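What the coordinates show
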Amino acid sequence: MKLCIIGTGYVGLVSGTCFSDLGNKVICVDTDKDKIKKLNSGIIPIYEPGLEELVKKNFSQKRLSFSTNISEAIKKSNIIFICVGTPTIKKSNKADLKYVFQVANTIKKNINNYKVIVNKSTVPITTGDKIEKILKKKNKNKSFDVVSNPEFLREGEAIRDFIYPDRVVVGTNSKKANRIMKSLYLPIIKKVSRYFHTSRRGAELIKYASNAFLATKISFINELANLCEKTSIDIKNVSLGMGLDQRIGERFLRAGPAYGGSCFPKDTRALVQTAENFKINLSIVKNVIKSNEKRKHLLINRIREILENKIKNKKITFLGVTFKPNTDDMREASSLAMIPYLSKKGAHVRYYDPTGEKKYLNKLKNVKFYNNINSACKKSDLIVIHTEWNEFKQLNFKKLVGKKYFKIYDLRNIYSPIKMFKNKINYFGIGR
Ligand code: UGA
């Protein structure tokens, strides 16, 4: 099939590349000339394991191409994917749909034969209806169908999630569009995944509801972790014990810092806002948002307690600063709440992250990036394990720090408190 992917951000680039790997002819387009130039010379603008190899392979086999000529790409394709950003509008909770509607207007001008227009951007309920309205203005003899096909890709695991999804959700009332979408996804759904066909509005809500539910699971376990800290119970055992019940499931029950990233915080806010437009109060999701915000302050207080209120001049090392491993993404990472506070209180903050220096952090007073774990940890008073990168999982802290008295705050519960105790290391985890 001939596909045009509009928007070469995270979702567009991963989806376009994977579709080309399944044998489709894919043109990825973007208005950003610099990005397209880079992609055409093999430079991948995002950090995603396995993506570079896959782009290069399909590019060289001419199944995948990059262009700024959006009109031509639309005309040449049967299926057009809208994969542009829907950031939160400043000082509001609303998703900004301006890029989605700009794309819809461009498609409107270039429809030359029947097209399936697929929205993959995360959008509030009724956005598909609005896209259809825009397209109908110039194409009264309806030669298109608008479909909702949300993405469920996790950063750092996106290629695996694309090829082996739990489900593919397709929202459309058109039998023709559904048939085309099903055959596009056939190589994937042949394996173990389910193809789930529903209404367009239903698919739009499934996306937000899934992210909000996962955020709820995390906030739930994080709050229970607070209780475990007061009652000498290990939250890891509680997660395992709960997760064994198949109705609950063990995944996304890892207690940690506040959840972050470009999706959960933005999508929970947008869902609450959408519901309010329909005069519905999603009180549970509202409280999840509040609980997650509070958690950032709670972590700061905990560091204060661990350091017995003596933060000034303390050497504090952050291992990992991104919101999760296998990504360079800093959006809504809890480190962005913790490090500025510690810097303000006069601590000497050092940090190491496998994806390198972070511009914003380097602007802060007494905050320094080190390009290796050894120098970052040397003579530290407190090591904060912020992100669970694999390279932090087997460290010999005594050797790394090189002094007798230091503390560890493990925000991802990587290490065993018992082993740390045996090694006479002052260790603090989350909910244990
Ligand atoms: C999330 C969803 O998992 C994807 O299904 C979805 O497609 C994507 O948002 C999106 O809407 O585009 P992502 O934000 O990449 O993916 O990352 P997650 O792996 O979901 O992690 C989000 C946050 O939750 C991270 O800060 C992570 O550390 C935290 N988390 C996750 C926990 O604290 N505990 C857990 O058990 C799991």
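Above this note sits the structure.
Now for a quick tour of the structure. Quick caveat: nothing in here was measured; it's all calculated off a predicted structure.

**Brief notes about the site of the ligand**
- Taken together, 19 residues sit near the ligand, with Glu151, Glu155, Lys207, Asn211 and Cys263 positioned nearest.
- In this structure, an oxygen atom belonging to the ligand sits 3.4 Å away from a main-chain N or O atom of Phe152.
- A distance of 3.0 Å is found between an oxygen atom of the ligand and a backbone nitrogen or oxygen belonging to Gly260.
- Here the ligand, which alone exposes 710 Å², has 94% of that area covered by the protein.
- If you list the elements that add at least two residues to the shell around the ligand, you get helix 9 (200-231) and helix 11 (264-277).
- Ranked by residues supplied to the shell around the ligand, first place goes to helix 9 with three residues.
- Looking at the shell around the ligand residue by residue, the classes come out as nine nonpolar, two polar and eight charged.

**Focus: the packing of helix 9 against helix 11**
- Viewed as axis vectors pointing N to C, helix 9 and helix 11 meet at an angle of 115°, and their least axial separation amounts to 9 Å. The two elements helix 9 and helix 11 meet at a crossing, and its hand is left-handed. Counted together, Leu205, Lys207, Tyr208, Asn211, Ala212, Leu214, Ala215 and Ile218 of helix 9 and Phe264, Asp267, Thr268, Ala270 and Leu271 of helix 11 form the full contact between these two elements.
- Residue classes in the contact of helix 9 with helix 11 are distributed as nine nonpolar, two polar and two charged.

**Comments concerning helix 8 (residues 175-189)**
- Over its 15 residues, helix 8 extends only 18 Å from the first C-alpha to the last, a length that falls short of the 21 Å expected when each residue adds 1.5 Å.
- Considering bend angle alone, the principal kink of helix 8 is centred on Ser183 and spans about 35°; proline Pro187 follows within four residues of it.
- Listed in full, the buried residues belonging to helix 8 are Ala177, Asn178, Met181, Leu184, Tyr185, Ile188 and Ile189.
- Of the residues that open helix 8, the one with a side-chain oxygen 3.4 Å from the backbone nitrogen of Lys176 is Ser174.

Parameters at a glance
Residues numbered from 1 in each chain as written. Predicted model: local features only at pLDDT ≥ 70, side-chain atom pairs only at ≥ 80, totals over all residues. Heavy atoms only, no water. Near = heavy atom within 4 Å. Polar contact = N/O pair within 3.5 Å; in protein donor to acceptor, adjacent residues only side chain to side chain. Areas by Shrake-Rupley, 256 points an atom, 1.4 Å probe, with all protein chains shown as cover. Helix = DSSP H or I, 4+ residues; strand = E, 2+ residues; numbered from the N terminus. Nonpolar A, V, L, I, M, F, W, Y, C, P; charged D, E, K, R; others polar. Axes fitted to C-alpha atoms, helices over the stretch in contact; angles between N-to-C directions. Left-handed = near helix turned anticlockwise from the far one by under 90°. Contact = heavy atoms within 4.5 Å. Expected span 1.5 Å × (residues − 1). Bend = angle between axes of the 7 residues up to and from the residue. Buried < 20%, exposed > 50% of the residue type's maximum accessible area, 1.4 Å probe, protein only.

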